[in-house]
Amino acid sequence: VDVDIVSASNEENISYEIEIFPNPTEGVFQVNANGIQDAGLFLPVSVYDETGKKFQNTRLVKYNDTYTAQLSLYAYPSGTYFIRIHHKNLKRLYRIIKQD
């Protein structure tokens, strides 16, 4: 099982860790976000296709100190997709690959 882990620090030296696994996926995958302090109970997430079209909105739910959710790409064809976690300090897209 491959796990993509992306760690980042912002100007205030606060560290974030984003896990997306399995990647590649056959459909269902997990997204975990650690180190986010000021987002409340839910953290909005959008999923985009490789043309940049947004086709799914959901949210991560906070359990202990981790925001987490299972997302599904079963209804979509194989290819490259992108995840955006909507938080003021997370300004990038995270890639997920769907393989049949």
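Residues numbered from 1 in each chain as written. Predicted model: local features only at pLDDT ≥ 70, side-chain atom pairs only at ≥ 80, totals over all residues. Heavy atoms only, no water.

## With respect to the side chain of S46
Mapped onto the elements, S46 comes out in strand β4 (residues 42–48). Looking at S46, its side chain comes within polar contact range of the side chain of N57, at 2.8 Å. Residues contacting S46, with those up to four places away along its chain left out, are K54, Q56, N57, F82, I83, R84 and H86. (Helix = DSSP H or I, 4+ residues; strand = E, 2+ residues; numbered from the N terminus. Polar contact = N/O pair within 3.5 Å; in protein donor to acceptor, adjacent residues only side chain to side chain. Contact = heavy atoms within 4.5 Å.)

## Looking at the nonpolar core
Formed by 22 residues in total, the largest nonpolar core has its most connected members in I20, F29, I36, L60, L71, I83 and I85. For this core, the secondary structure elements donating two or more residues are β2 (15–21), β3 (28–34), β4, β6 (66–72), β7 (79–85) and β8 (93–98). Setting aside residues up to four positions removed in sequence, I83 forms contacts with I20, F29, V45, S46, V47, L71, R92, L93, Y94 and I96. (Core = buried A, V, L, I, M, F, W, Y, C linked by side-chain atoms within 4.5 Å. Buried < 20%, exposed > 50% of the residue type's maximum accessible area, 1.4 Å probe, protein only.)

## Thoughts on the environment of P77
In this fold, P77 is placed in the loop between β6 and β7. According to the relative accessible area criterion, P77 is exposed, its value standing at 57%. Here the alpha-carbon distance between P77 and K98, two residues 21 residues apart in the chain, equals 7.5 Å.

## Describing unusual backbone geometry
For the peptide bond that leads from F21 to P22, omega is -10°, which places it in the cis range. With an omega of 15°, the peptide bond between N23 and P24 qualifies as cis. The residue N64 is not glycine, and still its phi comes out positive at about 55°. Position of N64 among the secondary structure elements: in the loop between β5 (54–63) and β6. A relative accessible area of 74% places N64 in the exposed class.

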